[in-house]
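Understanding the architecture of this molecule
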Amino acid sequence: MNELITGVIKGERRAIARALTVVENERDGAEMLLAALFPHTGRAQIIGITGAPGTGKSTLVSALAKAYRAQQQTVAIIAVDPTSPFSGGAIMGDRIRMRDLAGDPGVFIRSMATRGNLGGLARASRDAIRVLDAAGFELILVETVGAGQSEVDIARTAQTTLVVEAPGLGDDVQAIKAGILEIADILVVNKADKPGADSTVSSLKAMLELGHPAAREQMVAHHGRILHVQNPAAAVEARFWLPPVLRTVASEGGGIPELMQAIAQHRAHLALDGALQSLEKQQIEIELHDRLRAALIARLLAIIPQEMLADMIARIQARTLDPHAAVQQLLAAQVSQYPDLR
Ligand SMILES: Nc1nc2c(ncn2[C@@H]2O[C@H](COP(=O)(O)OP(=O)(O)OP(=O)(O)O)[C@@H](O)[C@H]2O)c(=O)[nH]1
Ligand SMILES: [Mg+2]
């Protein structure tokens, strides 16, 4: 174990891969490993990339990784696929898309897929991010597919979140449907080479002006007049952040320098007024609640007899017990019968 810990901290690839497997599968020693690595974390810049399937997230991630590598920055990539129960599948697809990066010692790529519940995946990806952070990667790019709560949770572990759209996925902009607009720091209309990109860009801008919290803040600040701050530099200046809408053609590297500039500007924005600290504080609070909830439910379910639960479910169905009372009874019974739960 000590060897594994020092290996990760030294940035040794085999140790990193092993450590990721240990934390991903919650193997014995995972908690000890994470505890030892924790003091070495908090240095990486974490960028989340989310959006509907097929919008070009992986292509965008590899284009970004290549561009950051050209600036001598080290990059780790985690591709999280909550829709796939087979991590092998996720690995295959991403390997093909990220083939150009293979063999570069400054890049580390890892895929994670659902085993069991989605909440578990969000926790596992947080742990994986910590391992890569402790290993010294300067940038960690986290790709998540889809738009459920789990993706939102994973995106929330990032400092800068990109929401990726593409034209021609249907009439509506996917982010609006899924309600993930609020988590976007930067909106990317990828596949800008395809017809329909203009209308995707303009619907996103319209949505932002109406619906984004920063736009509302701005309205108050400017007495009801919305300024069109689509220029990220102006947003930094003005001390609020209205997500810019950028176009990319990830498969050709188009728009990548502008995207990197926007990412840098968002980072600069976070450095103002302790915004990064308060973001981190929020993230820690969310994580703590989440882990506590998971730990408590696991502990309870381990000691409540199966028959007791089955009996309660039957009584609730027969309308002789209501769900609220059932919960109270379970909690009361457990606390008195199992003092170590206190
Ligand atoms: N025309 C065009 N095609 C692109 C662009 N970017 C990606 N693609 C293609 O779109 C397809 C999907 O790209 P991916 O990068 O796998 O998309 P993804 O969002 O990661 O997909 P999932 O992870 O399955 O949700 C691939 O065939 C890419 O080559 C682009 O800018 N323009
Ligand atoms: Mg992908």
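Provided above is the structure to which this section pertains.
Right, let's walk through the structure included here. The structure displayed is predicted, hence computed values, not measured ones.

1. A word on helix 12 (residues 256-270)
Counted at 1.5 Å a residue, the expected span for helix 12 with its 15 residues is 21 Å, and the 21 Å between its end C-alpha atoms agrees. Here helix 12 has its buried residues at Leu259, Ala262, Ile263, Gln265, His266, His269 and Leu270. The buried side chains of helix 12 occupy one side of the element, clustering within an arc of 165 degrees when seen end-on. For helix 12, the exposed residues set more than 90 degrees away from the buried face come down to Pro257 and Ala268.

2. Quick word on the site of ligand 1
The local shell around ligand 1 holds 16 residues, among which Pro53, Gly56, Lys57, Ser58 and Thr59 are the closest. Among the elements that take part in the shell around ligand 1, helix 4 (residues 57-70) stands out by supplying three residues, more than any other. Its residues assigned to classes, the shell around ligand 1 comprises four nonpolar, seven polar and five charged.

3. Some thoughts on the sheet that holds strand 2 (residues 75-81)
If you trace the seven strands from one edge of the open sheet to the other, you get 3-2-4-1-5-6-7, paired in parallel fashion. On the outer flanks of this sheet lie strand 3 (107-113) and strand 7 (245-247), each paired with one strand and no other. The mean inter-strand angle of the sheet, taken between neighbouring strand axes irrespective of direction, is 20 degrees. Of the pairings in the sheet, the one linking strand 2 to strand 4 (residues 139-145) comprises six bridges and is parallel in character. Bridge pairing in strand 4 links Ala76 to Ile140.

Reading the values: rules and limits
- Residues numbered from 1 in each chain as written.
- Chains lettered and ligands numbered in written order.
- Predicted model: local features only at pLDDT ≥ 70, side-chain atom pairs only at ≥ 80, totals over all residues.
- Helix = DSSP H or I, 4+ residues; strand = E, 2+ residues; numbered from the N terminus.
- Expected span 1.5 Å × (residues − 1).
- Buried ≥ 20, exposed ≤ 12 C-beta atoms within 10 Å, placed from the backbone.
- Arc of directions from axis to C-beta.
- Near = placed C-beta within 6 Å.
- Nonpolar A, V, L, I, M, F, W, Y, C, P; charged D, E, K, R; others polar.
- Pairing = 2+ DSSP bridges.
- Axes fitted to C-alpha atoms, helices over the stretch in contact; angles between N-to-C directions.

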